[in-house]
Amino acid sequence: MEAKLNTDKTDWSAFPYLNEDDVISVQRGPKPGGVGGAYRAFGETLRGLRTTFGRVLEGPVTIQYPEEKTAVYPRFRGRHKLHRFEDTGLEKCVGCSLCAAACPAECIRVVAAENDPDHRVSAGERYAEVYEINLSRCIFCGYCEVACPFDAITMGHDYELSDYNRSDLIFTKEMLLAEPIDRTPLRSEGE
Amino acid sequence: MSLPLAEVNYVEATWVMVVKSIVIFLGVFLIVPVLTVVERKLIGRFQNRYGPNRVGPGGMVQPLADIVKLAGKEQFMPDAAIPFLYVIAPILVIFSGIITLAILPFGNVQDGLGLYGIDVSIGVLYFFAFSSLSFYGLLLAGWSSGSKYSFLGAMRSAAQLISYEVSMGLALLGVVMMTGSLSLTSVVDGQGEIWNIVPQIIGFLIFMIAGFAETNRAPFDLPEADAELVQGFMTEYGGTKFGSYLLAEYLEMFVVSGIAVTFFLGGWMGPGPGWLDPVWMVGKTLSLVMFFIWIRATLPRLRYDQLMSLGWKVMLPLATLNILVTSVIVTVS
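As the structure is a computational prediction, the values presented were derived from the model and not from experiment.

Caption draft 1: Geometry of the overall build of chain B. Looking only at helices and strands, chain B has 11 helices and 2 strands in total. For 333 residues, the compact-globule estimate of 2.2 N^0.38 gives 20 Å, and the C-alpha radius of gyration of chain B, at 20 Å, lies within 12% of that figure. Projecting the C-alpha coordinates of chain B onto the three principal axes gives extents of approximately 60 × 45 × 45 Å. For chain B, restricting intrachain contacts to residue pairs at least 6 apart in sequence, the fraction spanning at least 24 positions comes to 78%. Summed over its atoms, the accessible surface of chain B is roughly 14500 Å², and 73% of this surface lies on carbon and sulfur atoms.

Caption draft 2: How the structure looks around the side chain of B:Thr185. Residues and elements named next belong to chain B. Position of threonine 185 among the secondary structure elements: in helix H6 (residues 184-189). The class for threonine 185 is buried, based on a relative accessible area of 5%. A polar contact is formed between the side chain of threonine 185 and the side chain of serine 183, at a distance of 3.0 Å. If sequence neighbours within four positions are ignored, threonine 185 has contacts with Pro105, Tyr116, Asp119 and Trp268.

Caption draft 3: View of helix H11 (residues 304-332) of chain B. Residue and element names in this part refer to chain B. The end-to-end C-alpha distance of H11 is 41 Å, a good match for the 42 Å that 29 residues give at a rise of 1.5 Å each. Its axis deflected by about 35 degrees at methionine 315, H11 carries its strongest bend there, up to four residues before the proline proline 317. Here H11 has its buried residues at Leu307, Ser309, Gly311, Val314, Met315, Leu316, Ala319, Asn322, Ile323 and Thr326.

Caption draft 4: Molecular detail of the environment of B:Val325. Residue and element names in this part refer to chain B. The residue valine 325 is located in helix H11 in this model. Owing to a relative accessible area of 44%, valine 325 belongs among the partly exposed residues under this scheme. For the pair formed by valine 325 and glycine 232, sequence separation is 93 residues and the distance between their alpha carbons is 40 Å.

Caption draft 5: Seen up close, the pairing of strand E2 (residues 113-116) of chain B. Residue and element names in this part refer to chain B. Alternating positions in E2 separate cleanly, Gly114 and Tyr116 being buried on one face and Leu113 and Leu115 remaining unburied on the opposite face. As defined by bridge partners, strand E1 (residues 105-110) adjoins E2 across 3 bridges and the pair is classed as antiparallel. Note that in E2 the partner of valine 109 across the bridge is glycine 114.

Caption draft 6: Local environment of the sheet that holds strand E5 (residues 170-171) of chain A. Residue and element names in this part refer to chain A. What the 3 strands build is an open sheet, ordered E2-E3-E5; its pairing is antiparallel. At either margin of the open sheet sits one strand with a lone partner, and together these are strand E2 (108-114) and E5. Relative to strand E3 (residues 126-134), E2 runs antiparallel, the two being bridged by 7 bridges. Bridge pairing in E3 links arginine 109 to glutamate 132.

Caption draft 7: Quick look at the packing of helix H5 (residues 148-179) of chain B against helix H9 (residues 239-264) of chain B. Residue and element names in this part refer to chain B. Their axes nearest at 10 Å, the elements H5 and H9 cross at an angle of 35 degrees. Read as a crossing pair, H5 and H9 show a hand that is left-handed. Of the residues in H9, those in contact with Ala171, Leu172, Val175 and Val176 of H5 are Ile259, Phe263 and Phe264. A class-by-class count of the residues in the contact of H5 with H9 yields 7 nonpolar, no polar and no charged.

Caption draft 8: Focus on the confidence of the model for chain B. Averaged over every residue, the pLDDT of chain B is 82; residues scoring 70 or more account for 95%. Scoring of the predicted complex yields 0.76 for pTM and 0.70 for ipTM.

Caption draft 9: Representation of the layout of surface pockets. Residues and elements named next belong to chain B. Approximately 860 Å³ is the volume found for the second largest pocket. In terms of lining, the second largest pocket is formed by 35 residues, of which the most central are Thr36, Arg40, Phe242, Leu246 and Tyr250. Where the lining of the second largest pocket is concerned, the elements lending two or more residues are helix H1 (14-46), helix H2 (62-71) and H9. With 8 residues, H9 is the largest single contributor of residues to the lining of the second largest pocket. Grouping the amino acids of the lining of the second largest pocket by side-chain chemistry returns 15 nonpolar, 7 polar and 13 charged.

Caption draft 10: Quick peek at helix H10 (residues 277-298) of chain B. The end-to-end C-alpha distance of H10(B) is 32 Å, a good match for the 32 Å that 22 residues give at a rise of 1.5 Å each. Where H10(B) is concerned, the buried positions are B:Asp277, B:Met281, B:Lys284, B:Thr285, B:Leu288, B:Val289, B:Phe292, B:Ile293, B:Ile295, B:Ala297 and B:Thr298.

Caption draft 11: The arrangement of the interface of chain B and chain A in detail. At the interface, 16 residues of chain B touch 18 residues of chain A. Put simply, chain B and chain A have 1 salt bridge between them. We note a salt bridge from B:Arg54 to A:Glu67, for which the minimum N-O separation is 3.2 Å. Summed over the shared surface of chain B and chain A, the result is 8 residue pairs in polar contact (both at pLDDT 80 or more). Looking at the side of chain B that touches chain A, the elements that each hand over two or more residues are H1, H10 and H11 of chain B. A total of 5 residues in the side of chain B that touches chain A trace back to one element, the largest contributor, which is H10(B).

Caption draft 12: Representation of the environment of B:Leu115 in the model. Residue and element names in this part refer to chain B. Looking at the element boundaries, leucine 115 is found in strand E2. On the basis of relative accessible area, leucine 115 is assigned to the partly exposed category, the value being 21%. Separated by 29 residues in sequence, leucine 115 and serine 144 have C-alpha atoms that sit 40 Å apart. Aside from chain neighbours lying at most four places away, what touches leucine 115 is Pro105, Phe106, Gly107, Asn108, Gln110 and Pro278.

Caption draft 13: A look at the packing of helix H4 (residues 123-144) of chain B against helix H7 (residues 201-214) of chain B. Residue and element names in this part refer to chain B. Contact pair H4 / H7: the axes reach a minimum separation of 11 Å and the direction vectors enclose 35 degrees. Seen from H4, the contacting residues are Phe127, Ser131, Ser132 and Phe135; seen from H7, they are Phe207, Ala213 and Glu214. A per-class count over the contact of H4 with H7 returns 4 nonpolar, 2 polar and 1 charged.

What counts as what
- Residues numbered from 1 in each chain as written.
- Chains lettered and ligands numbered in written order.
- Predicted model: local features only at pLDDT ≥ 70, side-chain atom pairs only at ≥ 80, totals over all residues.
- Heavy atoms only, no water.
- Helix = DSSP H or I, 4+ residues; strand = E, 2+ residues; numbered from the N terminus.
- Rg over C-alpha atoms; globule rule 2.2 N^0.38 Å.
- Contact = heavy atoms within 4.5 Å.
- Areas by Shrake-Rupley, 256 points an atom, 1.4 Å probe, with all protein chains shown as cover.
- Buried < 20%, exposed > 50% of the residue type's maximum accessible area, 1.4 Å probe, protein only.
- Polar contact = N/O pair within 3.5 Å; in protein donor to acceptor, adjacent residues only side chain to side chain.
- Expected span 1.5 Å × (residues − 1).
- Bend = angle between axes of the 7 residues up to and from the residue.
- Pairing = 2+ DSSP bridges.
- Axes fitted to C-alpha atoms, helices over the stretch in contact; angles between N-to-C directions.
- Left-handed = near helix turned anticlockwise from the far one by under 90°.
- Nonpolar A, V, L, I, M, F, W, Y, C, P; charged D, E, K, R; others polar.
- pLDDT = per-residue confidence, 0-100.
- 1 Å grid on protein atoms, 1.4 Å probe; cavity = no way out; pocket = protein on both sides within 12 Å on 5 of 7 lines; lining within 4 Å.
- Points joined across faces, edges and corners; volume = space filled by probe spheres on them.
- Salt bridge = Lys/Arg side-chain N within 4 Å of Asp/Glu carboxyl O.

See the structure below:
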C-alpha cells in the first residue's frame, strides 16, 4: 500500500509560516476491531506470511563459526607480527623501544642488546633481546605499527587469541616472528 | 449417510482397543519431541538462521538433550504454592491433550479394525469438553503458584477462554449441520465429494484463529507472554513439570490441527490404497502444525484489548453469520 499524504484537505492559509513541502502528515489505519480493522488485519497477515516465507527462500545467513571463518579486511588489526628481511634473514627490529613508548596499554616490553658482528641478529647496531607483547592487555590500536621506523612490527590478521591462562597470552619474540599456523582468510580486493 | 459406528453396535474386542490406544499414544508421543526441534529449526529458517544443528545429525537429537536437561533439574515448589493443585495442574493439561487423541480418526474401518481410538457419537462435544479442561490446568497453575506473574497469566487465559471457545464451537457447528452427525468418522465420510474447507472457508478460518488461542500459541500467547509475564502461568514451574507444559503445548497443537484436518481438510481422505489413510491424516495434521509455526514466526502478540475486540466484535458475529447462512442452505437443499 502506497503511503499517501492527505495534504490536499489542509487549509494552508492557517499556517503561513509553514512550507507545504516540509510537512509530513501521518496516515492512520482504521481503528482496531470492527470490519475495516479485521479486513486490514487479514490482508496484512497474508503480507506478513509472504514476508516470512521469503526469508525461508533466502536461506540462512549464519556463519557457522568454528567451521567457517569470516574473512578479514587487509587492514584488519589482528595479532602482531615481527618481520625479517627476506634476503638476509635478519630481524628488522633494532630494539629502539619506540613501539613500547607509543603503546597506550603498555603491553610491549623490549630489552635491547648490542649486536655481535660475527652473529648478527638484526640489521642495525642493536637488536631486541627480549620482545614481548602481553596480548591480554593489548587493545589492538596499531600505534606500535605506526611508531616503528623500520616496519619491523605490523598488525597481522589473526583474531583467535583465546587461551587457558594469562601467561600463555604473553607472546615472545619467537612466537611473533613465526608464521601463524592457521592462516586467517583474507578478503579479496573489492569483496 | 453412514451412522456412527457406536450406534450400530460395532464394538471391537477389548484387547484390540488396548493395543490401538497404546499405538496411538506412543505414535503421537514420538511425534511431539520431533515437533519441538522442527519448530525451532523452522523458526530459525524464517529468521534467516539455522536453528539447532549441533546435537546429532542436523540437530534432530536436540529434544533428547532437552529432556535429559529438564529431567535432571531439582524438583522445586515455591513456599506460597498450594502443593496439591500445583502438582495436579500440569497433569490436567497433559491429560486433556492426550484424551482428545482417542477420538481423532486416522482412517476408516478396514478389515474390521477402526483406525481410531474410539468413535464416539458425541465426538465434537467430547473434543470441546476435554480441550476446555486444559484451561483448568492453566488456571490452577496460576492460582496455586502463589506468584503474581502466574496469576496474571491465568487471568488472561481465562479471559481468552471465554472469548474464543464460543466462536470455536460455532465454527464447527456449520460442519456438524452439513454432516448431520457429531461423530468424527461420519464428518470425514461426509467429505467424500468436496472437502469442507470449500463451503466452510469462514468456519475454517475462525476455527484456526480460535485454535491459536486454544493452544496459547502466537499471536495469542498472552497467558505465557515470555517478555512481559516471564512465561505467565509457568513462571514458578521448573524441571519435568515445566517440560510437561511444553509437551502439552505441542500435543494440543497436534490435536487442534488434527481436529481441523478432520473437520475441514478431508481427514484421512487422499489418493492411494486404504493403508495410506493414517499417513494422509498425520501428514495433513503435521502440515497444519507447520502452519502454526509459520504464523508464530510472522505475527506479533496481540494486546489484551485487541484480543477481546477480535474475539467478540469480529469472530463471534462472523461465526454466527456463517452458521445462519449454512443452516438456511442446509434446510433449503
